[in-house]
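Inside the fold
Letter by letter, the chains look like this.
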Amino acid sequence: QVQLVESGGGLVQPGGSLRLSCAASGSLYSINAMHWYRQAPGKQRELVTAMTAGGSANYADSVKGRFTISRDNAKNTVYLQMNNLKPEDTAVYYCNAKIVRVPMGREYDYWGQGTQVTVSS
């Protein structure tokens, strides 16, 4: 069974930084796109950033220039470096991965358990 396990959330002051990690474990063949989403209280889940298997990335306008997604394919891990954090970045952050479990198999959607990021003085 494939699992995504997130780490790295916490409480940080405005202007501070955090780095989130999301590692895929279990029996898998390959990972295609990987994403970070977030959901603030009372709001819908929104896409923060995405990265293809080849390393192309895109970002929501609200985080451009402050957040950076990266991935280590050898470790089946995606990272989210968050700098210059603002109170409006407070949310539960979820990673998502499109995973192929066997050669020539279909792609499946997997989600991490979520990690809380709180930006407050």
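Our subject in this report is the structure included herewith. (Residues numbered from 1 in each chain as written. Predicted model: local features only at pLDDT ≥ 70, side-chain atom pairs only at ≥ 80, totals over all residues. Heavy atoms only, no water.)

In total, this model carries 1 disulfide according to the counting rule given. In this model Cys-22 forms its disulfide with Cys-95; the gap between the sulfur atoms is 1.9 Å. The sign of the S-S torsion, about 50°, decides the handedness of the disulfide formed by Cys-22 and Cys-95: right-handed. Linking Cys-22 in strand β3 (residues 18–25) with Cys-95 in strand β9 (residues 91–100), this pair joins segments that are 73 residues apart in sequence. (Disulfide = S-S within 2.5 Å. Helix = DSSP H or I, 4+ residues; strand = E, 2+ residues; numbered from the N terminus.)

We now examine the pairing of strand β11 (residues 115–119). On β11, burial follows the alternation: Thr-115, Val-117 and Val-119 on one face are buried, whereas Gln-116 and Thr-118 on the facing-out side are not. Bridge count between strand β2 (residues 10–12) and β11: 3 bridges; the pairing is parallel. Directly across from Val-12, in β11, lies its bridge partner Val-119. Two elements, β9 and β11, share 3 bridges in a ladder whose sense is antiparallel. Among the inter-strand pairings, Ala-91 is bridged to a residue of β11, identified as Val-117. (Buried < 20%, exposed > 50% of the residue type's maximum accessible area, 1.4 Å probe, protein only. Pairing = 2+ DSSP bridges.)

In this section: the side chain of Arg-38. You can see Arg-38 is positioned in strand β4 (residues 30–39). A distance of 2.6 Å separates a polar atom in the side chain of Arg-38 from a polar atom in the side chain of Glu-46. A polar contact is formed between the side chain of Arg-38 and the side chain of Ser-62, at a distance of 3.4 Å. With residues up to four places along the chain from it excluded, the contact list for Arg-38 reads Gln-44, Arg-45, Glu-46, Val-48, Ser-62, Val-63, Phe-67, Glu-88, Asp-89, Ala-91, Val-92 and Tyr-93. (Polar contact = N/O pair within 3.5 Å; in protein donor to acceptor, adjacent residues only side chain to side chain. Contact = heavy atoms within 4.5 Å.)

Before going further, it helps to examine the packing of aromatic side chains. Given two aromatic rings, one states the distance between the centres and the angle between the planes to describe the pair. Overall, the coordinates contain 1 aromatic pair when judged by the stated rule. The side chain of Arg-19 reaches across the aromatic face of Tyr-79, ending 4.1 Å from its centre. (Phe/Tyr/Trp six-rings, centres within 6.5 Å; stacked < 30°, edge-to-face > 60°. Lys NZ or Arg CZ within 6 Å of the ring centre and 35° of its normal.)

Time to look at the sheet that holds strand β7 (residues 67–72). With antiparallel pairing, the 4 strands of this open sheet are ordered in space as β1-β3-β8-β7. The open sheet has two free edges, formed respectively by β1 (3–7) and β7, since each of these has just one partner strand. Geometrically, the sheet is characterised by an average inter-axis angle of 15° between neighbouring strands, direction not taken into account. Bridge count for β3 against strand β8 (residues 77–82) is 6 bridges, and the pairing is antiparallel. Within the sheet, the bridge partner assigned to Leu-20 lies in β8 and is Leu-80. (Axes fitted to C-alpha atoms, helices over the stretch in contact; angles between N-to-C directions.)

It is worth spelling out the side chain of Thr-77 at this point. Counting through the fold element by element, Thr-77 comes out in strand β8. A polar side-chain atom of Thr-77 sits 2.8 Å from the main-chain carbonyl oxygen of Lys-75. Non-local contacts of Thr-77, meaning those with residues more than four positions away in its chain, are made with Cys-22, Ala-23, Met-34, Ser-70, Arg-71 and Asp-72.

Nothing here speaks to function; it is geometry throughout.
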